[in-house]
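Examination of the molecular architecture
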Amino acid sequence: MKKAKVVIIGSGPAGYTAAIYAARANLSPVLYEGFFSGVSGGQLMTTTDVENYPGFPEGVSGPQLVDQFRKQAIRFGTEMITDDVIDVDFSQYPYKVIGKNNAHEAYSIIISTGAEANRLNIPGANEGEFWQKGVTACAVCDGAMPIFRNKDLYVIGGGDSAVEEATFLTKFGNKVYLVHRRDKLRASKIMQQRAMTHPKIEILWDSVVDKVEGDTVVRSVTIKNLLTGVEEKRPAGGLFFAVGHTPNTAFLKGQIELHDNGYIKVVPGTTQTSRELVYAAGDVQDHVYRQAITAAGTGCMAAIEAERELSIRGITD
């Protein structure tokens with residue numbers, strides 16, 4: 001089995017940034033990009049326009065940005081492996097990282113497998129339909145785009161995140177409708193008050209989005225009242241899912257300490273997990289910000305922390 005000073009599991013801004021920093025520190029990182037588990041590059045690969053990443057004043061497409069990250073990591077000597085990690089053995093050191101077709105012994109591991117935005121199977125809102133053509137799962141990422149400005153926008157959800165997304169969208173939309181299938185929100189009291197008193201937010205109780213329609217972009221949504229069964233087609237410029245995220249941690253099989261919400265627990269101010277020389281970067285440990293720039297920042301942190309600890313242990317060759 002091949003040995004590696006640093007094995008990075010997962011790509012995207014966190015994984016590729018960790019690889020750049022680790023490679024420049026002469027750690028010869030190995031990065032498992034994923035394959036069947038999802039497209040390498042993470043959620044940015046399904047994002048059409050990224051307008052808030054520093055250094056791109058005219059904006060850049062998600063895939064283009066990811067490609068730049070990847071090329072930079074390769075330039076400094078990262079070994080890319082297009083494979084899914086199916087298991088990690090922490091019972092002995094060096095740790096064993098096991099992919100479907102590859103395996104490595106790792107003196108340190110950086111986990112950057114991200115989190116998937118939960119979506120609902122609504123006709124018109126799926127891949128190949130209006131996903132990323134007016135349907136998205138990140139208001140902060142996409143809400144300022146021209147297609148959403150001065151339009152009626154719809155947010156699905158009832159928790160704090162849904163209220164935050166709706167409130168953010170009021171800066172750009174004509175009116176924001178919060179669609180919730182129950183008769184009360186799950187959000188905290190202060191967030192509920194914010195939603196109910198905001199002049200540009202209206203809550204559609206006991207309701208679901210039944211259909212999304214449009215031409216090249218979203219033009220309307222059909223709202224169904226669950227109590228009456230009545231359906232109403234309404235004009236819409238965008239639909240935002242705010243029904244939570246699922247961190248990609250199943251392959252760890254409970255060997256790393258997690259928060260109650262499933263995200264990897266790290267020592268505050270670091271990327272250190274409950275396992276020595278195992279670090280977590282990006283959305284897999286961040287349920288608050290979930291931005292490309294913050295993911296990249298924690299990828300940098302993880303690589304620096306790994307390099308320092310390996311150096312202390314004399315693992316440099």
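Reading the values: the criteria
Residues numbered from 1 in each chain as written. Predicted model: local features only at pLDDT ≥ 70, side-chain atom pairs only at ≥ 80, totals over all residues. Heavy atoms only, no water. Helix = DSSP H or I, 4+ residues; strand = E, 2+ residues; numbered from the N terminus. Rg over C-alpha atoms; globule rule 2.2 N^0.38 Å. Buried < 20%, exposed > 50% of the residue type's maximum accessible area, 1.4 Å probe, protein only. Contact = heavy atoms within 4.5 Å. Areas by Shrake-Rupley, 256 points an atom, 1.4 Å probe, with all protein chains shown as cover. Lys, Arg positive; Asp, Glu negative; His and termini not counted. Charge placed at Lys NZ, Arg CZ, Asp CG, Glu CD. Phe/Tyr/Trp six-rings, centres within 6.5 Å; stacked < 30°, edge-to-face > 60°. Expected span 1.5 Å × (residues − 1). Arc of directions from axis to C-beta. Polar contact = N/O pair within 3.5 Å; in protein donor to acceptor, adjacent residues only side chain to side chain. Disulfide = S-S within 2.5 Å. Core = buried A, V, L, I, M, F, W, Y, C linked by side-chain atoms within 4.5 Å. Pairing = 2+ DSSP bridges. Right-handed = clockwise from strand over helix to strand, strands pointing away. Salt bridge = Lys/Arg side-chain N within 4 Å of Asp/Glu carboxyl O.

1. Here's the deal with the overall build of the protein chain
- In terms of regular secondary structure, the protein chain is built from six helices and 19 strands.
- Relative to the compact-globule value of 20 Å for 317 residues, the protein chain shows a C-alpha radius of gyration of 21 Å, a close match.
- A buried classification covers 52% of the 317 residues belonging to the protein chain.
- A separation threshold of at least 6 residues defines the contact pool for the protein chain, and within that pool the share at least 24 residues apart is 60%.
- Working note: accessible area of the protein chain is about 14900 Å², and carbon and sulfur atoms make up 50% of it.
- Within the protein chain, the 36 negative side-chain charges are centred at a point lying 2 Å from the centre of the 33 positive side-chain charges.

2. Concerning the packing of aromatic side chains
- For the structure shown, the criterion picks out eight aromatic pairs.
- Judged by centre distance (5.7 Å) and plane angle (65 degrees), the ring pair of Tyr53 and Phe69 falls under edge-to-face. Note that Tyr53 is positioned in the loop between β3 (30-32) and α2 (62-75) and Phe69 in helix α2, a separation of 16 residues in sequence.
- Clustering of aromatic rings is evident, with ring pairs tying together Phe90, Tyr93, Tyr95 and Tyr107.

3. What about α2?
- For α2, which comprises 14 residues, the first-to-last C-alpha distance of 20 Å matches the rise-based estimate of 20 Å (1.5 Å per residue) to within 8%.
- Regarding α2, the residues found buried are Gly62, Leu65, Val66, Phe69 and Ala73. Taken down its axis, α2 places every buried residue within 100 degrees of arc, on the same side. Turned more than 90 degrees away from the buried face of α2 sit Lys71 and Arg75, all of them exposed.
- Where the residues of α2 are buried, they touch α1 (12-24) and β4 (79-81).
- Regarding α2, its N-cap is Ser61, as a side-chain oxygen of that residue lies 3.1 Å from the backbone nitrogen of Gln64 further along.

4. Quick notes on the state of the cysteines
- One pass over the full model with this rule turns up one disulfide.
- Here Cys138 engages in a disulfide with Cys141; their sulfurs sit 2.1 Å apart. Looking down the S-S bond of the Cys138 and Cys141 bridge, the torsion is 70 degrees, so its handedness is right-handed.
- Using a relative accessible area of 15% as the deciding quantity, one classes Cys138 as buried.

5. Some points on the environment of Lys265
- Position of Lys265 among the secondary structure elements: in the loop between β18 (245-247) and β19 (278-280).
- Of the residues examined, Lys265 reaches a relative accessible area of 30% and is grouped as partly exposed.
- Between the C-alpha atoms of Lys265 and Val284, which are 19 residues apart in sequence, the distance is 9.3 Å.
- Residues within four places of Lys265 in sequence aside, it is in contact with Glu257, Leu258, His259, Gln272, Thr273 and Ser274.

6. Re helix α6 (residues 292-312)
- With 21 residues, α6 extends 31 Å between its outermost C-alpha atoms, agreeing within 8% with the 30 Å of an ideal straight helix rising 1.5 Å per residue.
- Those residues of α6 hidden inside the fold are in contact with α1, β8 (109-111) and β19.
- Downstream of α6 by one or two residues, Gly314 has phi in the positive range, about 75 degrees.

7. Considering the nonpolar core
- Core analysis: the largest hydrophobic core is formed by 32 residues, its most contacted members being Ile8, Leu44, Tyr53, Leu65, Ile110 and Leu310.
- Sorting the residues of this core by element identifies α1, α2 and α6 as the ones contributing at least two each.
- Element by element, the count of residues in this core is highest for α6, at seven residues.
- When sequence neighbours within four positions are dropped, the list of residues in contact with Ile8 reads Gly15, Ala18, Ala19, Pro29, Val30, Leu31, Tyr32, Ile110 and Ser112.
- With 22 residues, the next largest nonpolar core counts Ile81, Ile109, Ile264 and Val284 among its residues.

8. Here we look at the pairing of strand β11 (residues 152-156)
- A large share of β11 lies buried, amounting to five of its five residues.
- Burial of β11 is two-sided: the residues Asp152, Tyr154 and Ile156 facing one way and the residues Leu153 and Val155 facing the other way are all buried.
- Pairing of β11 with strand β12 (residues 175-179), which is carried by five bridges, proceeds in the parallel orientation. Directly across from Tyr154, in β12, lies its bridge partner Tyr177.
- The handedness of the β11 to β12 crossover, carried by helix α4 (residues 160-169), is right-handed.

9. Quick notes on the pattern of salt bridges
- If you walk through the whole model with that rule in mind, you get 13 salt bridges.
- Here Arg234 makes a salt bridge to Glu232, at a shortest N to O gap of 3.5 Å.
- Take Arg234: its relative accessible area is 14%, and that puts it in the buried class.
- In this structure Glu232 comes out as partly exposed when scored by relative accessible area, which is 43%.
- For Glu309, the salt bridge identified is with Arg313, shortest N-O distance 2.7 Å.
- Residue classification places Arg313 among the partly exposed positions, given a relative accessible area of 33%.

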